[in-house]
Structures are given as C-alpha cells and as structure tokens.
Amino acid sequence: MSILSEDLTELAARVVAANRESGRTVALAESCTGGLVSAALTEIAGSSAVLDRGFVTYSNESKQESLGVPREIIETFGAVSIACAWSMAQGALKNSHADVAVAISGIAGPDGGTPQKPVGTVVFARAVRGSEELVAEERLLDGQTRAEIRRQAALVALELLLP
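Quick look at the structure, then. Being a predicted model, the structure only gives us computed values, none of them experimental. (Residues numbered from 1 in each chain as written. Predicted model: local features only at pLDDT ≥ 70, side-chain atom pairs only at ≥ 80, totals over all residues. Heavy atoms only, no water.)

1. Here's the deal with the sheet that holds strand β5 (residues 135–140)
Then, in step 1: The strand order across the open sheet formed by 5 strands is β2-β1-β3-β4-β5, and the pairing between neighbours is mixed. The strands lining the two open edges of the sheet, one partner per strand, are β2 (51–56) and β5. This sheet shows a mean twist of 10 degrees between the axes of neighbouring strands, independent of strand direction.
Then, in step 2: Strand direction decides the pairing type here: strand β4 (residues 121–128) and β5, joined by 6 bridges, are antiparallel. Counterpart to Val122 in the pairing with β5 is Arg139. (Pairing = 2+ DSSP bridges. Helix = DSSP H or I, 4+ residues; strand = E, 2+ residues; numbered from the N terminus. Axes fitted to C-alpha atoms, helices over the stretch in contact; angles between N-to-C directions.)

2. Re the nonpolar core
Then, in step 1: If you look at the biggest cluster of nonpolar residues, it comprises 34 residues, and the most contacted ones within it are Leu28, Val37, Leu41, Ile104, Val122, Leu158 and Leu161.
Then, in step 2: Residue assignment for this core shows that the elements contributing at least two residues are α1 (6–22), β1 (26–30), α2 (36–42), β3 (100–106), β4 and α6 (146–160).
Then, in step 3: By residue number, the principal contributor to this core is α6, which donates 8 residues.
Then, in step 4: Listed in part, the 22 residues of the second largest apolar core include Ile73, Ile74, Ala79 and Ile107. (Core = buried A, V, L, I, M, F, W, Y, C linked by side-chain atoms within 4.5 Å. Buried < 20%, exposed > 50% of the residue type's maximum accessible area, 1.4 Å probe, protein only.)

3. Notes on the pairing of β4
Then, in step 1: Most of β4 is tucked away: 7 of the 8 residues are buried.
Then, in step 2: Two elements, β3 and β4, share 7 bridges in a ladder whose sense is antiparallel. For Ile104, the partnering residue across the bridge sits in β4 and is Phe124.
Then, in step 3: Connecting β4 to the next strand, β5, in antiparallel fashion are 6 residues, including Gly130 with a positive phi near 80 degrees.

4. Quick word on the pairing of β1
Then, in step 1: Among the 5 residues that make up β1, 5 are buried, leaving the element largely enclosed by the rest of the structure.
Then, in step 2: Of the two faces of β1, both are covered, the one formed by Val26, Leu28 and Glu30 as well as the one formed by Ala27 and Ala29.
Then, in step 3: Here β1 runs beside β2; their pairing, made up of 5 bridges, is parallel. Of the residues in β2, the one forming a bridge with Ala27 is Arg53.
Then, in step 4: With α2 bridging β1 and the parallel β2, this β-α-β connection has right-handed handedness.
Then, in step 5: With 5 bridges joining them, β1 and β3 adopt parallel strand pairing. Residue pairing across strands places Glu30 opposite Ile104, the latter belonging to β3. (Right-handed = clockwise from strand over helix to strand, strands pointing away.)

In structure tokens, the structure reads:
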C-alpha cells in the first residue's frame with residue numbers, strides 16, 4: 001500500500017524499470033511539487049539504481065544557491081518560466097551524477113496566480129547530459145485544488161523521465 005495515488009506509483013514504476021533497463025540515472029529539481037516526484041520514485045523498490053538525487057528548491061534563493069539559477073533569470077522572467085525551469089534542470093545535472101534531469105516550477109494555488117500566470121501554470125524542462133536539446137514547456141493544469149495541480153504536475157514530470 002502506498003500513501004501516493006495509484007497513477008503516480010504506476011507511472012513511477014514504469015520510469016524506474018525503463019531507466020534501469022537503459023542504464024540511465026535521473027535527478028529532479030522540484031519547486032511546486034515539493035519532492036512529490038522524488039517521493040513517487042522512491043516508493044518503488046529498486047529506485048536507488050535510477051534516482052541519483054532530488055533538489056527541492058521552493059524559494060528563489062534556493063534555486064539560485066542549490067542549482068545556480070541566475071538571479072537575472074528570476075528577476076526578468078520569474079520563477080515560473082521556461083527559462084527558470086531550463087536553468088533548474090541544467091543545475092540539477094551539473095550538481096549530480098545523473099544522465100537526465102527534470103525540473104518543475106509552477107503555481108499550485110489557491111493563491112499566487114496572476115492574469116498572465118494563473119493558478120495551475122506549471123513549467124517543465126528536461127536536460128540530458130551531453131545534449132543541447134531543449135525540452136521545455138509551459139502547461140495550464142486544470143486541477144481544482146492545490147493537491148490535484150501538484151499531482152498532475154508530478155505525472156507530467158514522470159512522463160518526461162521516460163527514455
């Protein structure tokens with residue numbers, strides 16, 4: 001039995017199995033999900049062969065200090081921006097031994113939204129060691145609660161970790 005939803009643990013099991021099979025290790029840089037993606041992965045026996053580390057960088061300062069996100073990116077584009085998520089993913093790779101890193105930053109609500117970035121706005125980025133490929137996107141998740149937005153964001157992040 002898991003404290004996490006069945007869809008999260010099922011997808012996490014797929015991520016662990018697929019990455020173990022391909023010999024890849026992963027790292028996470030999480031903001032609005034607060035470690036939920038890392039928790040889903042560690043719910044799976046054998047995840048230590050895949051999960052190198054996770055960074056929970058909720059404050060802007062922690063994004064800068066732990067992941068090396070330039071202050072200028074946060075001041076210019078905001079913490080909930082593709083530029084910030086990409087920098088977070090790059091920082092997670094730089095500060096880990098992982099082959100791939102996924103970053104998540106968003107507005108889970110119920111407060112904090114603006115007309116330009118309403119509650120449910122979440123940005124994702126995936127960086128692969130040795131690759132210049134930019135995989136990043138912004139989504140407007142339609143969850144009615146903070147918990148639902150965080151769950152949906154964790155599912156998207158797990159999908160990005162599949163080889």
